[in-house]
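Residues per chain are reported as follows:
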Amino acid sequence: MSAFLYRARTPGDAVLIGELRDLAQSRGARLHLLTGRTTEGSQPFSPENLRGLVPDIAERDVYLCGPAAMAATAERSLRALRVPARHRHVEAFRLGV
């Protein structure tokens, strides 16, 4: 089963949630909406949290798109979880000012 992890500060900030719900439903996938502030005690992209959401993550292809800092954090966790480089597909961006 596929899994989508969608990160937003608040549920109201999750502007693509409808489209992702439709996509997940059509693919028989699970959608996890990760909200809240990132703090010392709340690390949504920590290795432990990712493994908790997707226990077999090391055997999956992982597609990641997001701001550069978030992508870097998630990629460090994917390396720690031993997701092979050929299974990590990352598109990082910077928000314009």
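Let me sum up the structure you'll find in this document. (Residues numbered from 1 in each chain as written. Predicted model: local features only at pLDDT ≥ 70, side-chain atom pairs only at ≥ 80, totals over all residues. Heavy atoms only, no water.)

### Quick notes on the pattern of salt bridges
Heads up, the rule is: When a carboxyl oxygen of Asp or Glu is within 4 Å of a side-chain nitrogen of Lys or Arg, the pair counts as a salt bridge. We count a stretch as a helix when DSSP gives it H or I for four or more residues in a row; a strand needs E for two or more, and each element gets its number in order from the N terminus. Type-normalised accessible area, obtained with a 1.4 Å probe on protein chains alone, sets the label of each residue: buried when under 20%, exposed when over 50%, and partly exposed for intermediate values.
By the definition in use, this model includes two salt bridges. Here Arg60 and Asp56 are joined by a salt bridge, their closest N and O atoms 2.7 Å apart. The shortest N-O distance in the salt bridge between Glu75 and Arg88 comes to 3.4 Å. You can see Glu75 sitting in helix 3 (residues 68–80) and its partner Arg88 sitting in strand 4 (residues 88–93), a full 13 residues away along the chain. Arg88 gets classed as buried once you look at its relative accessible area, which sits at 17%.

### Some thoughts on helix 1 (residues 17–27)
Our working definition: Taking the helix axis as origin, the arc is that swept by the directions to the C-beta atoms.
Along helix 1, the residues that are buried comprise Ile17, Leu20 and Ala24. Buried positions in helix 1, seen along its axis, are confined to an arc of 65 degrees and lie on one side of it. Away from its buried face by more than 90 degrees, helix 1 exposes Glu19, Asp22, Gln25 and Ser26. Just downstream of helix 1, Gly28 is the residue with a positive phi angle, here 65 degrees.

### Comments concerning the pairing of strand 1 (residues 3–7)
Our working rule: The criterion for strand pairing is that DSSP finds at least two bridges linking the strands in question.
In terms of strand pairing, strand 1 meets strand 2 (residues 30–34) through five bridges, oriented parallel. Its bridge partner being in strand 2, Leu5 is matched across the sheet by His32.

### Structural notes on the side chain of His87
Put simply, the rule reads: Under this definition, polar contacts are N or O atom pairs within 3.5 Å; protein pairs additionally need one hydrogen-donor-capable and one acceptor-capable atom, and for neighbouring residues in sequence, both atoms have to be side-chain atoms. The criterion used for residue contact is that any of the two residues' heavy atoms lie within 4.5 Å.
As for its position among the elements, His87 is in the loop between helix 3 and strand 4. Separated by 3.3 Å, the side chain of His87 and the backbone oxygen of Arg60 make a polar contact. Residue contacts for His87: discarding those within four places in its chain leaves Arg60, Asp61 and Val62.

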